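If you want the building blocks of each chain, they are given just below.
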Amino acid sequence: MTASDGSAHAPATLEAEIGRVGRALHDAFPSHRGRPLKALDDRAMNLAAQDDELRAALFRFVDVVPACRSLDDLAAHLTGFLDEVGDQPPSLRAAMRMGDTRAGRAALGAAGAAGVRHMAHRFIVGEHPKAALPTLRKLWKDGIAASVDLLGEATVTAAEADRYAARCADALATLAGAYDRLKEDPVLERDAIGPLPRANLSVKVSALTPLLRPEAPERGQRDAAPRLRALLRQAHELGAHLHIDMESLDSREAVLELVLDLLAEPEFADGPSAGVVLQAYLRDSHDTLDTILDRARSTPRAQPLVVRLVKGAYWDHEVVEARQHGWSVPVFERKADCDANFEALTTRLLEARPLVRVAIASHNLRSVAHAIARDRMMGGAAGDVEFQVLRGLGDDLGHALADSGLRVRAYCPVGDLVAGMAYLVRRLLENTANDSFLADQAHGVPLEQLLAAPAATAS
Amino acid sequence: MSAAALPPFRNEPVLELRRATERATLAVGLGELRLPLRVPVWIGDERRDGEELVSTDPGRPERIVALAASATPEEAGAAVAAARAAFGAWAATPVHERAAALLRAAAWMRERRAGLAALAVRECAKPWPEADADVCEAIDFLEFYARAAIELQGGDGPQLLQVPGERNELRYAPRGVCAVIAPWNFPLAIPMGMTAAALATGNTVVLKPAEQAPGCGLRVVEALRAGGVPAGAIALLPGGGEAGAALAGHPDVATIAFTGSGAVGLELLRTAAEVSDGARQLTRVVAEMGGKNCIVVDSDADLDEAIPAIIESAFNYAGQKCSAAARVLVHESLHDALVERLTGAVAGLQVGPADDFGTDVPPVVEQDAQERVRRYTELAARTGDISTGMSDVPDEGWYVAPIVATGLPPESPLLREEIFGPLLTVEPVRDVDEACDRIDALPVALTGGLFCRNPRTVAHVIARSPVGNLYVNRSTTGAMVGRQPFGGNRLSGTGTKAGGPDYLLHFVEPRVVTENTIRHGLVV
């Protein structure tokens, strides 16, 4: 544990404060949606969370929907996947029988596609930025800012990288224009350091270059740099914020070096506001934070770097890749260890202000309450730390935080169903993972337990 | 020691090259490499140095990697005679002692991973990740066959039916002298694999490495001798085709283990089938030859996954793997999208030296290969449409541009002949059955790929696929010891599976002993 971990000298007070904050937030949850999963009334998801085979079948179906050529083709895939579920509940057996006739297949295919579209709409706010504007305006009215993420197919060619960059440019312009016309909201637009941009776009380096090679990070850096530089310039001109997402460990070095190098270029000393992501599930995330803070110190910028702290969305990928190669697993394998690390990083980040701005992106009530409590004990004012939630997964928490006067930003993916599939599958995985906070919450785990300090493995 | 006393086999982990610290270890290995190596004809304790055979860096042909003696037919005979003389003692060495020698050889290699990988980079232009994987695979073969030999020969043998009054036993004895004729494209792993299989089971070996890779061959023999394999049990016979032919035709060679081209493999099979006067044994041939590997892309494939996997399968190591993809058979509904994205991806491939971590396509192994690939490229340009990389191809060195060819006539040699270079063809099909028909029409059947998400279609293609190794929704290269036992069917090989549970059976002869246990009417 780092020297900055304050739990050594103030454990009782901090825990008491976390309890108070957590209970207050919980009480502020919109009452009709106290349990997100149940409220969403998605029986398929609940069923899937309980049965691994069914979960696999559901994911494979969701994944293949955009590639199916007809309702018949859809039904063939659905029954093909369900065929491999050993112990079929009666509802599935009925679905399988529908697959026997042409009319049945058409009905089954249509129902399956509708189900997937329904799920997709929960997470994806619109097919393109303009279509997303009504949702974004509504969020702003509710006291919630947004970061828009453009979903896309994998970038395997230079033309695709150019197209993604053009979409980002278009999104920046659209968002800047739209947010200009919204009513002022001091909580969302200013912190102790200064003004905060309204328009906020998250971009992925893997979409800005087809050349991200794990063993040759400089190739992807070199290729993505001109496209990212153009977006930074545009964001600067428009007064928008550009956030660079982090993906799997394979590209971490390329992404981090690229962003930190570009931001150190003299032309970006005055802006734009930009950010990076720190993934708490990585065992070496403290080293990454060291790198980020060192670079922030050595290249002061008018608008400090925003560091978004997340758990990390590629847990399964990282574990499987490491196991297949015989590498030590780079992520914490116990949830409590990851949660404890999240809190330690939270503390370090909060202490690092004003060198960086801090965004805590978590749906874990305990992690969020910890950040709030820690910030208060450090004398922070509401708004000096930002909270981020995912649209479709963290809506209730987001509203509760906003209603408590805190600064909240919802991460809002925009794109069509084909492009959104990988994102959707990751969110579904997260939603149905047995050890997810949301699942615990949905299944009625007592609040005291949800707010308990993570019991990290002694190290 | 039994197989159970050893920790279970696990693959030697490749370096985690996404971490800068691990990349740095390889750069150190390259810096410490002292070239040229001197590679002798090494029979028992006799070394004859020479410079008749020269291996050079394919990316910089004036850089000499190894100066090797080239074995004469007489030396081939002497090597076989020495191996035959050493056979009795090595065969009589308990299997667990033989296995222990192999495990020590694995440890020797493990201590020198960076240097060995660097040698493969220089001598065969294997890019770093592949060179590192080649070293790991050589270690895997040692570890895997050591355990497999103990399993095969260390116990009581397979259970036979037993009735009162007799005792039946099945044992596996080594066959004798094994000639290993190895390729250059996995310059450490494949010679080590074939050699380790023969040695583990009690055979003695004469290893003829590829003439393009004598330096790597030397390291294979050094590892085994350092591990404690007696000098007589493993001879190094660098040389060209003449040495290989002399070995293959030698009446005292019991087994030929070969990996290489179809032409040479078939010649070896013919030679071996010829029983010479005074022969005391039928020569067995374990042969792994070429392929014309196809990847089928069905209408429901995810191109985001398929394109990178196809690129990797076709262009890594410049397509110079027997498992590399040569043809893509894509559902007509996805054909245009696939070609557009594939050609766009190929345009971004970087052709360059093997020691550059950023290289996608290294040079091919030698000038002949460069000329061959260029001939096929010209044919493709003349009879179809070709698309290539945008980046410059260096002038010096045996570089060729990666090529995607489309619109070829169905009878084109490009769809039939093994090119062994970075040239990939794409053709549309009506459905997977048409793709299966075209694959079935090929005389070779090594690897295959399928991108499809309908489980029933996957099962259907599996049932129709003749290939030795079929990969579903992934690249077709990179078989791992113990996980993907590797080898082809039809004219691609003798159906043996390197790195699999039954590979060692090709290096032994079964012997059954039945003992009458009745004396004077009593079972004793």
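Residues numbered from 1 in each chain as written. Chains lettered and ligands numbered in written order. Predicted model: local features only at pLDDT ≥ 70, side-chain atom pairs only at ≥ 80, totals over all residues.

### Quick notes on the overall build of chain B
Rules: Counting from the N terminus, the helices are DSSP H or I runs at least four residues long and the strands are E runs at least two residues long. This radius of gyration counts C-alpha atoms alone. The globule rule is 2.2 Å times how many residues there are, raised to the power 0.38. Three exposure classes are used, all based on how many other C-beta atoms lie within 10 Å of a residue's own C-beta (placed from the backbone): buried at 20 or more, exposed at 12 or fewer, and partly exposed between those limits. Each residue is represented by a C-beta atom placed from its backbone, and any two residues with such atoms within 7 Å are regarded as in contact.
Counting its secondary structure elements, chain B contains 14 helices and 23 strands. Radius of gyration (C-alpha) of chain B: 24 Å, near the 24 Å computed for a compact globule of 524 residues. Considering only C-alpha atoms, chain B reaches an extent of 85 × 55 × 50 Å along its principal axes. Counting the 524 residues in chain B, one finds 56% classified as buried. Within chain B, contacts between residues at least 6 apart in sequence are counted, and of these 76% link residues at least 24 apart.

### Some words on the packing of helix 3 (residues 95-110) of chain B against helix 6 (residues 189-200) of chain B
Residues and elements named next belong to chain B. So the rule is basically this: Each axis is a line fitted through C-alpha atoms, and for a helix only the stretch in contact is used; angles between axes span 0 to 180 degrees, taken between their N-to-C directions. Any angle that is under 35 degrees is reported as roughly parallel, and any over 145 degrees as roughly antiparallel; angles of 65 to 115 degrees are reported as roughly perpendicular and all others as oblique. Gly is placed with the polar residues, together with every amino acid not listed as nonpolar (Ala, Val, Leu, Ile, Met, Phe, Trp, Tyr, Cys and Pro) or charged (Asp, Glu, Lys and Arg).
Contact geometry of helix 3 with helix 6 gives a least axis separation of 9 Å together with a crossing angle of 155°. Judged on the interaxial angle alone, helix 6 and helix 3 are roughly antiparallel. Of the residues in helix 6, those touching helix 3 at Arg98, Ala99 and Leu102 are Ala196, Leu199 and Ala200. For the contact of helix 3 with helix 6, a count of residues per class yields 5 nonpolar, no polar and 1 charged.

### Section: the domain arrangement of chain B
All names here are of chain B. Here is the rule we go by: These domain limits were set by an automatic method or by a database of domain assignments.
Each assigned domain of chain B is listed with its residue range as follows: domain 1 (3-57 + 65-289 + 493-511) and domain 2 (293-472). Here domain 1 and domain 2 have C-alpha centroids that lie 31 Å from each other. Across the boundary between the two partners, domain 1 contributes 14 residues, which contact 14 residues of domain 2. When contributions to the side of domain 1 that touches domain 2 are tallied by element, the ones reaching two or more residues are helix 1 (20-31), helix 4 (113-124) and helix 5 (128-153). Along the lines of polarity and charge, the residues of the side of domain 1 that touches domain 2 split into 7 nonpolar, 3 polar and 4 charged.

### Focus on the nonpolar core
Inclusion rule: Here a nonpolar core is just a set of buried residues of the types Ala, Val, Leu, Ile, Met, Phe, Trp, Tyr and Cys, joined wherever their C-beta atoms sit within 7 Å.
Grouped together as the largest cluster of nonpolar side chains are 184 residues, with contacts concentrated most on Leu102(B), Leu142(B), Tyr145(B), Val206(B), Leu207(B) and Ala235(B). Here this core takes 16 residues from helix 5 of chain B, the largest share from any one element. Split by domain, this core shows at least three residues from each of two domains, domain 1 (3-57 + 65-289 + 493-511) and domain 2 (293-472) of chain B. Look past the residues within four positions of Leu207(B) in its chain and what remains in contact with it is Val180(B), Ala182(B), Pro191(B), Thr195(B), Gly217(B), Val220(B), Val221(B), Ile234(B), Ala235(B), Leu236(B) and Leu237(B). Formed by 130 residues, the second largest nonpolar core is a distinct cluster that contains Leu14(A), Ala199(A), Ile292(A) and Cys338(A).

### Some remarks on unusual backbone geometry
A cis amide bond, omega 10°, links Gly271(A) with the succeeding residue Pro272(A). Checked against the element boundaries, Pro272(A) lands in the loop between helix 13 (252-263) and strand 4 (273-279). With omega at -5°, the peptide bond leading from Leu35(B) into Pro36(B) counts as cis. By the element assignment, Pro36(B) lies in the loop between helix 1 and strand 1 (37-39). A positive phi angle, near 50°, is found at Tyr317(B), a position not held by glycine. Tracing the backbone through its elements, the reader meets Tyr317(B) in the loop between helix 10 (303-315) and strand 13 (325-331).

### Observations concerning the interface of chain A and chain B
In this assembly, 31 residues from chain A lie in contact with 29 residues from chain B. Among the elements of the structure, helix 4 (52-64), helix 5 (71-83), helix 9 (158-180) and helix 12 (217-238) of chain A are those that each provide at least two residues to the side of chain A that touches chain B. Looking at the side of chain A that touches chain B element by element, the count peaks at 5 residues for helix 5 of chain A.

### Digging into helix 7 (residues 102-123) of chain A
Under the convention used in this document: One less than the residue count of a helix, multiplied by 1.5 Å, gives the span that helix is expected to have.
In a regular helix each residue adds 1.5 Å, so 22 residues correspond to 32 Å; helix 7 of chain A covers 32 Å between its end C-alpha atoms and thus fits that length. Each element contacted by the buried residues of helix 7 of chain A is listed here: helix 4, helix 5, helix 6 (90-98), strand 8 (407-414) and helix 19 (417-432) of chain A.

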